[in-house]
Amino acid sequence: MTSGMAMMMGTCQTSRFPAHGSVTFAPGGFHLMCMQPSMKIGDKIPVTLTFQDGSTLATVMPVYGAQNAP
């Protein structure tokens, strides 16, 4: 917080997680933010995560707005 106001700070396009570990994408924690998105709240979008070893993980993530996040 800065002067009582919450702020978001980018972590870059890459983040480090331990091998065989896990990460949870959630409001207030790690999440994806799309600038000028073409999707709408309620959509489910395909996302492919690419790991350092070149492997990938395809998944589907729901689109939430700031007011309707779980």
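These remarks concern the structure in this document. Counting from 1, residues in each chain are numbered in the order their sequence is written. Note on the predicted model: pLDDT of at least 70 is required for a residue's local features to be given, and 80 or more for side-chain atom pairs to be given and counted; whole-chain, interface and lining totals, by contrast, use all residues. Excluded from the side-chain calculations are hydrogens and water; all other atoms, namely the structure's heavy atoms, are used.

**So, the pattern of salt bridges**
Test applied: A carboxyl oxygen of Asp or Glu within 4 Å of a side-chain nitrogen of Lys or Arg is what we treat as a salt bridge.
In this structure the tally under the stated criterion is one salt bridge. Ionic pairing is found between Lys40 and Asp43, a salt bridge with its closest N-O pair at 3.4 Å.

**Notes on the pairing of strand β1 (residues 44-50)**
Worth spelling out the cut-off: Any two strands are treated as partners once DSSP identifies two or more bridges connecting them. Here a strand is any run of E in DSSP of at least two residues, a helix any run of H or I of at least four, and the numbering for each starts at the N terminus.
Alignment of β1 against strand β2 (residues 56-62), held across seven bridges, turns out to be antiparallel. Residue pairing across strands places Pro46 opposite Val60, the latter belonging to β2. The antiparallel pairing of β1 with β2 creates a hairpin that spans five residues between the two strands, and Gly54 there sits at a positive phi of about 95°.

**Focus: a nonpolar patch on the surface**
Our working rule: Within the patch definition used here, like charges are joined within 9 Å and nonpolar side chains (Val, Leu, Ile, Met, Phe, Trp, Tyr) within 5 Å, considering only residues with over 30% relative accessible area and no salt bridge. Where accessible areas are quoted, they stem from the Shrake-Rupley method and a 1.4 Å probe; at the residue level, only the protein chains shown are allowed to cover. In this scheme, a residue with accessible area under 20% of its type's maximum is buried, one over 50% is exposed, and one in between is partly exposed, where area comes from a 1.4 Å probe on protein chains only.
A surface patch of nonpolar side chains, about 400 Å² in accessible area, is lined by Phe17, Val23, Phe25, Phe30 and Leu32. Checked against the element boundaries, Phe17 lands in the segment before β1. A residue is classified by how much of its surface remains accessible, and Phe17, at 35% relative accessible area, is partly exposed.

Bear in mind that shape data such as this cannot, by itself, settle questions of function.
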